[in-house]
Amino acid sequence: MSSKLRITGAWPAWSPEVREGRMSSPDGHGRRVLLRILDHVPGDARTLAELQDEAQSLASLRVPGLLRLVHVTSLKGKAALVYRFEEVVSVARVLDAQRVRGGYLPVRICVEILHGVAQTVARAEQEAQSRLDKGFLAHRGPTPEDVLVDGKGGLHLAGLRIQTGPPGLPLVGYTPPEGSRSGAALAYGLGAFAVEL
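Our subject in this report is the structure included herewith.

So, how was this worked out
- Counting restarts for each chain, with residues numbered from 1 along the sequence as it is written.
- Where local features are concerned, this predicted model is filtered to residues with pLDDT of at least 70; where side-chain atom pairs are given and counted, the filter is 80 or more; whole-chain, interface and lining totals use all residues.
- Just so you know, side-chain values use all the structure's heavy atoms and leave hydrogens and water out.
- The helix and strand labels rest on DSSP assignments: H or I over at least four residues marks a helix, E over at least two residues marks a strand, and numbering proceeds from the N terminus.
- In this analysis, the expected span of each helix is defined as 1.5 Å times one less than the number of residues it contains.
- Only protein chains enter the accessibility calculation, which uses a 1.4 Å probe. A residue is then buried if its area is under 20% of the maximum for its type, exposed if over 50%, and partly exposed in between.
- The directions from the helix axis to the C-beta atoms form the arc being described.
- A pair of strands is treated as paired once DSSP finds two or more bridges between them.
- Geometry is summarised by axes, namely lines fitted to C-alpha atoms with helices restricted to the contacting stretch, and by angles between N-to-C directions that run from 0 to 180 degrees.
- We call two residues contacting when some pair of their heavy atoms lies within 4.5 Å.
- In plain words, nonpolar cores are sets of buried Ala, Val, Leu, Ile, Met, Phe, Trp, Tyr and Cys residues tied together by side-chain atoms within 4.5 Å.

**Notes on helix 4 (residues 185-196)**
Next, step 1: Its twelve residues give helix 4 an end-to-end C-alpha distance of 17 Å, which sits within 8% of 16 Å, the value for a rise of 1.5 Å per residue.
Next, step 2: Every buried residue of helix 4 is accounted for by Ala185, Leu186, Gly189, Leu190, Ala192 and Phe193. Axial view of helix 4: buried residues confined to an arc of 160°, hence all on one face. In this structure, helix 4 carries Ala187 and Val195 as exposed residues pointing more than 90 degrees from its buried face.

Structure (structure tokens):
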């Protein structure tokens, strides 16, 4: 018998495509989760199997700062990633709030966020290279929507993937001209993230 997943509400502090939910196990225990619906990814069995393989590889990386991916599922024909619940807000929402007020994040805060994200990506890449025999660490950013901050100032990075198949669609502005399999792809994405900050 498998776990049951129930959507309990929206989580606009991260993204319009994210929902809060509850995952209950066969033994009756439940936990809060965050579900990210991938509008551009079909929820067919083959795609879900590939995403599940990637998720298991990613879960083997014990890197502080990665938002823990716990499950992959299909919702209304679209793939969805289920993350461990954290009280987080995306840097994209923080930047939106600053823009509405006509302000900017202080440079010191931007540098701290960028440093934390770069450390998390570097640790994940190091561990992936040493522990995984196939696939490569990939990210379509990291964009401000993938970088999450909790109430204590802790960073949580979502969206990292261990890719074994062909790369997905490149994200304009975040992918180097030579493509996402380039050794410089993550550094290029971090540079683009710095510019956004």
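**With respect to the sheet that holds strand 6 (residues 88-90)**
Next, step 1: With antiparallel pairing, three strands are arranged side by side in an open sheet as 6-8-9. Single-partner strands in this sheet number two, and they are strand 6 and strand 9 (155-157). Taken over all neighbouring pairs, the strand axes of this sheet differ in orientation by 35° on average, direction set aside.
Next, step 2: Sheet contacts for helix 2 (residues 91-100): strand 6 and strand 8 (147-150); angle to strand 6, the most-contacted strand, approximately 65°.

**Side note on the nonpolar core**
Next, step 1: One finds Ile113, Val117 and Leu197 to be the most contacted residues of the largest nonpolar core, which totals 24 residues.
Next, step 2: Counting residues per element, the ones that place at least two in this core are helix 2, helix 3 (107-131), strand 8 and helix 4.
Next, step 3: Ranked by the residues each element gives to this core, the list is headed by helix 3, at six residues.
Next, step 4: Val117 has contacts with Pro142, Val147, Leu155, Leu157, Leu190 and Phe193, leaving out every residue within four places of it along the chain.

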